[in-house]
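Observations on the three-dimensional arrangement
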Amino acid sequence: MTKWRTLLLATAGLNLSFLIWFSFAPFMGAISDEFGLSMGAVGVLVSAAMWMAPAGRVVTGWLSDRWGATTVFGIVLVYVGVFSIASAFVESYWLFFALRLVVGTAGITFVVGIQHVAQWFDEAQVGTAEGIYAGIGNAGAGVGALALPVLFGADWRAAFVWTGVVSIALGIVYYVVGEDAATQAAAEEAAEGATVRSLAHVGTRYGVVALSLGYVMSFGLVLAMNGWLPTYFDVGFDSSVALAGAFAAVFGITTGVLRPLGGYISDVLLRRERNILPVFRGRYREQWTFVCLCSIVALLCVLTIAGRTGNVALVVAITALLGTACGWAGGAIFAQVPDMFPNRTGAAAGAVGGIGTVGGIGYPLVYSAMADVQTTYAGYTVDVHAGYVVVAATMLPILLLNAWVFRPQIAARANVDGFGFWFVDTEEASSTRNPADD
């Protein structure tokens with residue numbers, strides 16, 4: 001069936017995109033040696049992979065509505081492939097940096113696939129389908145970390161060439177084989193509504209604002225933890241590089257593998273009309289999302305406590321639970337997005353996915369700052385373990401905002417009402433489905 005072919009195509013595209021997005025990581029030692037980079041320069045190169053994601057995802061999600069996912073996904077895969085190949089032949093570090101900055105936009109494909117999958121799966125299945133897409137697709141970073149060194153050794157130039165070739169080929173296949181939506185009418189409706197005013201309107205609705213910040217807590221935290229955990233296990237427990245990487249991998253594996261379950265549970269609660277938080281009675285997806293977000297905050301606090309016991313096995317177990325909560329939260333959030341904005345999925349997914357990556361930039365700064373202090377203030381020890389509870393504290397306002405938006409009387413109109421009243425007009429408001437009318 002076409003919808004399953006679409007899911008397979010989108011998942012393969014995202015998996016390859018994430019592989020290319022982080023393809024420099026396994027070769028960082030060789031790249032650093034060849035260009036004579038300092039640790040500071042290495043850190044900038046690593047962080048640069050995230051720079052284009054927030055704004056890029058917002059724009060690309062909107063373009064997916066306007067031009068169709070097959071066109072946008074195909075274009076991104078092709079140009080990313082071309083720049084990946086080009087980066088393999090340069091001798092100047094600054095030119096290499098500029099080219100890899102463009103290659104780093106591979107991460108924006110996430111929202112394109114979200115829009116594409118949503119165009120083919122109905123309300124009862126979309127959470128599960130989006131969870132499969134995102135969970136397996138995000139695993140591309142781990143696949144690259146394991147496979148690229150095996151295939152190419154330390155030859156990063158060859159790796160960049162061949163991954164670029166595969167990206168160009170898949171981009172062409174995506175454009176030729178893919179179909180934008182289950183019906184031409186659905187594709188035309190999405191395209192007609194994809195105006196700049198519509199993008200501003202969707203991005204300021206209560207639902208998108210709440211879910212975007214919730215995604216900062218979940219996927220943003222995933223990005224932060226993936227980059228920070230090897231250092232944490234090294235500094236906090238004197239682990240070897242190999243062990244630190246293995247311990248950190250537990251978090252990434254649980255996050256990716258279990259994310260589909262988060263979307264599936266959201267679908268099940270909706271189909272069975274099961275209330276698990278009576279305070280949000282009748283808002284089944286919202287209840288599950290809120291439980292997941294609360295679990296993230298609680299487990300971050302537990303992680304600080306576990307770290308101070310010095311028991312590395314306990315810490316690894318808690319990070320696995322935290323990865324599970326993050327994965328489930330991400331799946332739950334992207335079960336809500338297409339359900340809340342069926343006709344503006346690309347714009348909504350772009351806003352949520354783009355803003356969510358900000359956590360990957362900000363949270364590591366908190367972790368490193370706490371690790372540098374190493375002191376006691378007002379009876380509280382500030383050390384490498386303290387960053388988790390500090391980050392948890394910064395998440396409390398987000399929880400409160402989500403609790404307010406998820407109240408039945410607000411949630412029923414969260415895709416219509418919002419901040420920025422100047423973006424609302426009669427035509428736009430009438431074209432956006434109100435769940436209260438279902």
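Before reading on, note that the structure itself is shown above.
Residues numbered from 1 in each chain as written. Predicted model: local features only at pLDDT ≥ 70, side-chain atom pairs only at ≥ 80, totals over all residues. Heavy atoms only, no water.

**Observations concerning the overall build of the protein**
A count of helices and strands for the protein gives 21 helices and two strands. A globule of 438 residues ought to have a C-alpha radius of gyration of about 22 Å, and the protein, at 21 Å, matches this closely. Within the span of the protein, comprising 438 residues, buried residues form 55% of the whole. Within the protein, contacts between residues separated by at least 24 positions form 81% of all contacts whose residues are at least 6 apart in sequence. On the protein, roughly 17200 Å² of surface is accessible, and the fraction owed to carbon and sulfur atoms is 69%. Both charge centroids of the protein, one from 20 positive and one from 27 negative side chains, sit 7 Å from each other. (Helix = DSSP H or I, 4+ residues; strand = E, 2+ residues; numbered from the N terminus. Rg over C-alpha atoms; globule rule 2.2 N^0.38 Å. Buried < 20%, exposed > 50% of the residue type's maximum accessible area, 1.4 Å probe, protein only. Contact = heavy atoms within 4.5 Å. Areas by Shrake-Rupley, 256 points an atom, 1.4 Å probe, with all protein chains shown as cover. Lys, Arg positive; Asp, Glu negative; His and termini not counted. Charge placed at Lys NZ, Arg CZ, Asp CG, Glu CD.)

**Some points on empty space enclosed by the protein**
By rolling a water-sized probe across the atoms, one finds the places where empty space is left. Inspection of the entire model under this criterion finds two cavities of 30 Å³ or more. Here the largest cavity is characterised by a volume of approximately 70 Å³. At the level of secondary structure, the elements contributing two or more residues to the lining of the largest cavity comprise α1 (2-21), α3 (39-51) and α6 (93-103). Grouping the constituent residues of the lining of the largest cavity by class yields eight nonpolar, one polar and one charged. Empty space within the second largest cavity amounts to approximately 40 Å³. Of all the secondary-structure elements, those providing two or more residues to the lining of the second largest cavity are α13 (206-237), α14 (241-272) and α16 (312-340). With three residues, α13 is the largest single contributor of residues to the lining of the second largest cavity. (1 Å grid on protein atoms, 1.4 Å probe; cavity = no way out; pocket = protein on both sides within 12 Å on 5 of 7 lines; lining within 4 Å. Points joined across faces, edges and corners; volume = space filled by probe spheres on them. Nonpolar A, V, L, I, M, F, W, Y, C, P; charged D, E, K, R; others polar.)

**So, a nonpolar patch on the surface**
A grouping of Ile172, Val173, Tyr175, Val176 and Val177 is seen on the molecular surface, where their side chains present a nonpolar patch of about 460 Å² in accessible area. Turning to its location among the elements, Val173 is positioned in helix α10 (residues 156-177). Given the relative accessible area of 38%, Val173 is considered partly exposed. (Patch = residues over 30% accessible without salt bridge, like charges linked within 9 Å, V, L, I, M, F, W, Y side chains within 5 Å. Salt bridge = Lys/Arg side-chain N within 4 Å of Asp/Glu carboxyl O.)

**With respect to the pattern of salt bridges**
Pairing between side chains of opposite charge can happen when their charged atoms approach one another. Applying the stated rule across the entire model yields eight salt bridges. One salt bridge connects Arg285 with Asp267, and the closest N-O pair in it is separated by 2.9 Å. Taken together, the residues span a long stretch of sequence, with Arg285 in helix α15 (residues 284-309) and Asp267 in helix α14 at a distance of 18 residues. A single burial state applies to Arg285 and to Asp267, both of which are buried. In this structure, Arg308 engages Asp383 in a salt bridge whose closest nitrogen and oxygen atoms are separated by 3.2 Å. A residue pair is termed long-range when its members are at least 10 positions apart, and Arg308 in helix α15 and Asp383 in the loop between β2 (380-382) and α19 (387-405) qualify at 75 residues. Relative accessible area serves as the criterion here: at 11%, Asp383 is assigned to the buried category.

**Observations concerning the nonpolar core**
With 125 residues, the main nonpolar core has Tyr133, Leu221, Ile296, Leu300, Leu322 and Tyr367 as its most contacted residues. The greatest single-element share of this core, amounting to 18 residues, is contributed by α13. Setting aside residues up to four positions removed in sequence, Tyr367 forms contacts with Leu221, Ala224, Met225, Trp228, Leu300, Gly387, Tyr388 and Val391. (Core = buried A, V, L, I, M, F, W, Y, C linked by side-chain atoms within 4.5 Å.)

**Digging into the packing of helix α5 (residues 69-87) against α10**
Contact pair α5 / α10: the axes reach a minimum separation of 7 Å and the direction vectors enclose 160°. The orientation of α5 relative to α10 falls into the category roughly antiparallel. Handedness of the crossing formed by α5 with α10: left-handed. In the contact of α5 with α10, the residues fall into 16 nonpolar, ten polar and one charged. (Axes fitted to C-alpha atoms, helices over the stretch in contact; angles between N-to-C directions. Parallel < 35°, antiparallel > 145°, perpendicular 65-115°, else oblique. Left-handed = near helix turned anticlockwise from the far one by under 90°.)

**Brief notes about α10**
Spacing of three or four residues puts side chains on the same side of an α-helix, whose turn is 3.6 residues. Relative to the 32 Å expected for 22 residues at 1.5 Å per residue, α10 spans 31 Å between its end C-alpha atoms, a close match to the ideal helical length. The set of residues buried in α10 consists of Trp156, Arg157, Ala159, Phe160, Val161, Thr163, Gly164, Ser167, Leu170, Gly171 and Tyr174. Where the residues of α10 are buried, they touch α1, α2 (28-35), α5, α6, α7 (109-118) and α9 (140-152). (Expected span 1.5 Å × (residues − 1).)

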